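Descriptive structure summary
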Amino acid sequence: MAHLSTNTHIPFLSSVAASITAAVRSFVEAKERVTEYKRLDLRSDDELARMGLTRGKILSYVMRDEPRR
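Residues numbered from 1 in each chain as written. Predicted model: local features only at pLDDT ≥ 70, side-chain atom pairs only at ≥ 80, totals over all residues. Heavy atoms only, no water.

Concerning the environment of tyrosine 37
Within the element layout of this structure, tyrosine 37 appears in helix α1 (residues 9–41). Note on tyrosine 37: relative accessible area 33%, which makes it partly exposed. For the pair tyrosine 37 and serine 60, spaced 23 residues apart in sequence, the C-alpha separation works out to 9.8 Å. Residue contacts for tyrosine 37: discarding those within four places in its chain leaves Ile58, Leu59 and Val62. (Helix = DSSP H or I, 4+ residues; strand = E, 2+ residues; numbered from the N terminus. Buried < 20%, exposed > 50% of the residue type's maximum accessible area, 1.4 Å probe, protein only. Contact = heavy atoms within 4.5 Å.)

The structure is reproduced here in structure tokens:
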């Protein structure tokens, strides 16, 4: 009797790869947001005002999921 086996490891490996990719993407995005926050925090209050920001609104600006100015 012939026995056919299917490779059940492929879906598992695809799932692991997708999870790793998502984790790396999240890490990169978080690092970019921290960098942007630090960059904006170094600006003067006048520079921030010209951008339409206050110092207290930097974090909410950086954390929103809209295209950056």
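With respect to the nonpolar core
Within the largest apolar cluster, six residues are counted, these being Leu40, Leu48, Leu53, Ile58, Tyr61 and Val62. Sorting elements by how many residues they give to this core places helix α3 (residues 58–63) first, with three residues. (Core = buried A, V, L, I, M, F, W, Y, C linked by side-chain atoms within 4.5 Å.)

Regarding a nonpolar patch on the surface
Taken together, the side chains of Ile10, Phe12, Leu13, Val16, Ile20, Val24, Phe27 and Val28 present a nonpolar region at the surface, about 760 Å² in accessible area. Positionally, valine 28 belongs in helix α1. Valine 28 sits in the partly exposed class, given a relative accessible area of 40%. (Patch = residues over 30% accessible without salt bridge, like charges linked within 9 Å, V, L, I, M, F, W, Y side chains within 5 Å. Areas by Shrake-Rupley, 256 points an atom, 1.4 Å probe, with all protein chains shown as cover. Salt bridge = Lys/Arg side-chain N within 4 Å of Asp/Glu carboxyl O.)

Re the pattern of salt bridges
Pairing between side chains becomes possible if they bear opposite charge and their charged atoms approach one another. Scanning all chains against the criterion turns up four salt bridges. Glutamate 29 is the salt-bridge partner of arginine 33, the closest N and O atoms lying 2.9 Å from each other. Pair noted here: arginine 33 and glutamate 29 are both in helix α1, with a separation of four residues, about one helical turn. For the salt bridge of glutamate 36 with arginine 39, the shortest nitrogen-to-oxygen distance reads 3.8 Å.

Concerning the side chain of arginine 33
When its relative accessible area of 11% is taken as the criterion, arginine 33 is described as buried. Within the local environment of arginine 33, its side chain forms a polar contact with the backbone oxygen of valine 62, the two atoms lying 3.2 Å apart. (Polar contact = N/O pair within 3.5 Å; in protein donor to acceptor, adjacent residues only side chain to side chain.)

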